[in-house]
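# Summary of structural features
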Amino acid sequence: MNSRYRQARFHIGVADLLQLPPDDTEEVAVAGRSNAGKSSALNAITDQRALARTSKTPGRTQQINYFALQDNRYLVDLPGYGYARVPPDISRRWLRAIGDYLHKRRSLRGLIIVMDVRHPLKEFDCQLLDWCFEAELPVHVLLSKADKLSRGAAAATLQQVRRRFNEAYPEDSRPTAQLFSALKKTGLDEVHRRLDAWLYPPPRQA
Ligand code: GDP
């Protein structure tokens with residue numbers, strides 16, 4: 001277990017983009033449709049039971065939550081999107097806010113998008129992928145709840161998603177993807193390596 005992430009502590013929750021901490025941090029944001037398993041993924045990544053609240057009631061009051069690592073580095077839990085019972089205009093407003101954040105936040109080093117392995121690449125997921133491409137922001141996709149599929153079916157989905165990325169994005173700005181299960185704790189090393197590469201890059205050779 002990577003101890004950098006175990007140290008994560010709740011720092012601040014903000015209701016809109018005007019209240020974000022100063023834009024002089026290093027941060028990785030985590031996004032996903034409601035119920036995709038984002039909170040469970042954050043808890044697994046940080047080896048904590050209740051850092052991010054897993055919800056039996058998706059769509060509850062939404063905010064952007066900052067979890068502090070050391071040295072001014074943060075994991076940022078973005079509001080879930082696409083929940084059917086949230087009125088469409090509110091849902092759209094949140095999505096636009098996320099889009100603004102992705103485009104404007106200079107501290108942002110990368111975005112993790114959590115997608116249920118049984119329902120990947122829904123409309124809003126693809127919207128986020130396109131915005132990140134426009135903003136030249138690297139993306140890593142967690143295909144969550146991999147334990148819900150057979151090993152073969154999960155591997156086939158991963159391959160399909162990667163094929164879609166190969167077709168849609170040039171190599172130097174192509175999203176990466178992996179299988180993940182918060183329940184079985186599989187895929188943790190891979191996501192930790194990705195976070196390390198974004199938040200703790202090795203110093204550049206002179
Ligand atoms: P969020 O709305 O994206 O934050 O999703 P949650 O983390 O609250 O998870 C939504 C539901 O999926 C909950 O009932 C979780 O217990 C379940 N879930 C999340 N991750 C996994 C997983 O890896 N495997 C299984 N089987 N269920 C999961």
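Our structure is the block above this text.
Residues numbered from 1 in each chain as written. Predicted model: local features only at pLDDT ≥ 70, side-chain atom pairs only at ≥ 80, totals over all residues. Heavy atoms only, no water.

Secondary structure summary: the protein chain contains six helices and seven strands in total. Reading the protein chain from its N end, one meets helices and strands in the order α-β-β-α-β-β-α-β-α-β-α-β-α. Taken over the C-alpha trace, the protein chain has a radius of gyration of 16 Å; the compact-globule value for 206 residues is 17 Å, and the two agree within 12%. For the C-alpha atoms alone, the extent of the protein chain along its principal axes is close to 50 × 45 × 35 Å. The contacts of the protein chain with a sequence gap of at least 6 include a subset with a gap of at least 24, amounting to 77%. Surface accessibility of the protein chain: about 11200 Å² in total, with carbon and sulfur atoms responsible for 47%. Counting 32 positive and 23 negative side-chain charges, the protein chain places the averaged centre of each group 7 Å from the other. (Helix = DSSP H or I, 4+ residues; strand = E, 2+ residues; numbered from the N terminus. Rg over C-alpha atoms; globule rule 2.2 N^0.38 Å. Contact = heavy atoms within 4.5 Å. Areas by Shrake-Rupley, 256 points an atom, 1.4 Å probe, with all protein chains shown as cover. Lys, Arg positive; Asp, Glu negative; His and termini not counted. Charge placed at Lys NZ, Arg CZ, Asp CG, Glu CD.)

Further remarks concern the pattern of salt bridges. Pairs may arise between side chains of opposite charge once their charged atoms sit close together. By the definition in use, this model includes ten salt bridges. Where Arg 105 meets Glu 27, a salt bridge forms, and the shortest distance between an N and an O atom there is 2.8 Å. Of this pair, Arg 105 sits in the loop between helix H3 (88–104) and strand E5 (108–116) while Glu 27 sits in strand E2 (residues 26–32); the two residues are 78 residues apart in sequence, bridging distant segments of the chain. Taking relative accessible area as the criterion, Arg 105 reaches 8% and is therefore assigned buried. The salt bridge involving Asp 71 is made with Arg 73; its shortest N-O contact spans 4.0 Å. By relative accessible area, Arg 73 is classed as buried at 16%. Because the salt bridges share partners, they merge into one network encompassing Asp 23, Glu 27 and Arg 105. (Salt bridge = Lys/Arg side-chain N within 4 Å of Asp/Glu carboxyl O. Buried < 20%, exposed > 50% of the residue type's maximum accessible area, 1.4 Å probe, protein only.)

With that out of the way, let us pick up helix H4 (residues 123–134). Taking 1.5 Å of rise per residue, twelve residues should cover 16 Å, and H4 covers 17 Å from first to last C-alpha, within 8% of that figure. The set of residues buried in H4 consists of Phe 124, Asp 125, Leu 128, Leu 129, Trp 131 and Cys 132. One side of H4 carries all its buried residues, which in axial view fall inside an arc of 165°. Exposed positions of H4 whose direction lies more than 90 degrees from the buried face are Glu 123 and Glu 134. (Expected span 1.5 Å × (residues − 1). Arc of directions from axis to C-beta.)

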